[in-house]
Amino acid sequence: MVRKTRPPARLEGDTIDVVHHARSDEAHGSAVWVRATDRLRAAGSSLPTDTDDVSGAAPRSAVGRGGGAAPGPRARGVGHGRIGGPPGSTSGTPEERVRRVIATARAQTGRGFSYSWGAGGYGGASHGISSPSPDGHYDHDVLGFDSAGLTLYAFWKGAGIDIGAHPEAQYGHSCARRVPYGQRKPGDLLFWGGGPSPTTHVAIYVGDNEMIEASWPRDADSIRVSRVGGPHGPPMSTVVRFIE
């Protein structure tokens, strides 16, 4: 009789060498599975990999023991759409809370996150949803934020405020105050509207006629600091203030 030797059990915190990772058809939700050098598989939510493009059975670069993966977005089984996450602190003066909100949003720039329809939530960047965007893009495997996902995360992580998951909810939130555009301050939300939806885009005003937004084109610079009144044109005449 041939006796098979079982590899030692993995413990939380162990480091393993990854030789392959792919999205599993049998996994639930957006789970990403990896195959390690010991021929076992593990859920990729705890394993940073070198790409956000996980598909089929395509091989990916290894993440060695103690070694870091390549910079940029990493697929960690973070899920799709408005993912959950812990709230940030609600303490501090209004000015301090606004600074944390802006800092949270600014920290998402320069990380290679793309604009992704339905992406971003309480836990930060995520993959987009399965439904196509209004302009026909399928962002199900695109890691990043859409405009409301970024503002949602910034206020939740930066100040512990749930501002709502969509531009319409954020604009009409019962705990916010609508202020004329001429009285805008850093931390206010700017909105654009038109077409079938009353609000189609949202950004965080940061002062000096600049804003932080998640917007097309879909590339590594989608989350950025922009001038107000750029490609989107002038915003709506009313801004929304959550912190004062």
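Our subject is the structure that appears above.
Residues numbered from 1 in each chain as written. Predicted model: local features only at pLDDT ≥ 70, side-chain atom pairs only at ≥ 80, totals over all residues. Heavy atoms only, no water.

Draft legend 1. Layout of the packing of aromatic side chains. Tallying each qualifying case throughout the model produces five aromatic pairs. Residues Y122 and W156 carry aromatic rings whose centres are separated by 5.1 Å and whose planes lie at 75 degrees to one another, so their mutual orientation is edge-to-face. Note that Y122 is positioned in the loop between β4 (114–115) and β5 (126–127) and W156 in helix α2 (residues 147–159), a separation of 34 residues in sequence. For the pair Y122 and W156, a shared accessibility class is recorded, and that class is buried. Three or more aromatic residues link up through ring pairs in this structure, and these residues are F113, F145 and Y153. A cation over a ring is seen here: R184 above Y181, with NZ or CZ 4.1 Å from the ring centre. (Phe/Tyr/Trp six-rings, centres within 6.5 Å; stacked < 30°, edge-to-face > 60°. Helix = DSSP H or I, 4+ residues; strand = E, 2+ residues; numbered from the N terminus. Buried < 20%, exposed > 50% of the residue type's maximum accessible area, 1.4 Å probe, protein only. Lys NZ or Arg CZ within 6 Å of the ring centre and 35° of its normal.)

Draft legend 2. Looking closely at the sheet that holds β5. The strand order across the open sheet formed by three strands is β4-β6-β5, and the pairing between neighbours is mixed. Both outer strands of the open sheet, β4 and β5, are each paired with one neighbouring strand and no more. Where β5 meets strand β6 (residues 143–145), two bridges bridge the pair, whose relative direction is antiparallel. Residue pairing in the sheet places S126 in a bridge with G144 of β6. (Pairing = 2+ DSSP bridges.)

Draft legend 3. Summary view of the nonpolar core. Core analysis: the biggest nonpolar cluster contains 32 residues, and F145, F155, L189, I204, F242 and I243 have the highest contact counts within it. Sorting the residues of this core by element identifies α1 (94–106), β6, α2, β8 (189–194), β9 (197–207) and β10 (210–214) as the ones contributing at least two each. Beyond its immediate stretch of four places on either side in the chain, L189 contacts T151, F155, I163, Q170, V202, A203, I204, V239, V240 and F242. Membership of the second largest hydrophobic core comes to eight residues, among which are L190, Y205, V228 and V239. (Core = buried A, V, L, I, M, F, W, Y, C linked by side-chain atoms within 4.5 Å. Contact = heavy atoms within 4.5 Å.)

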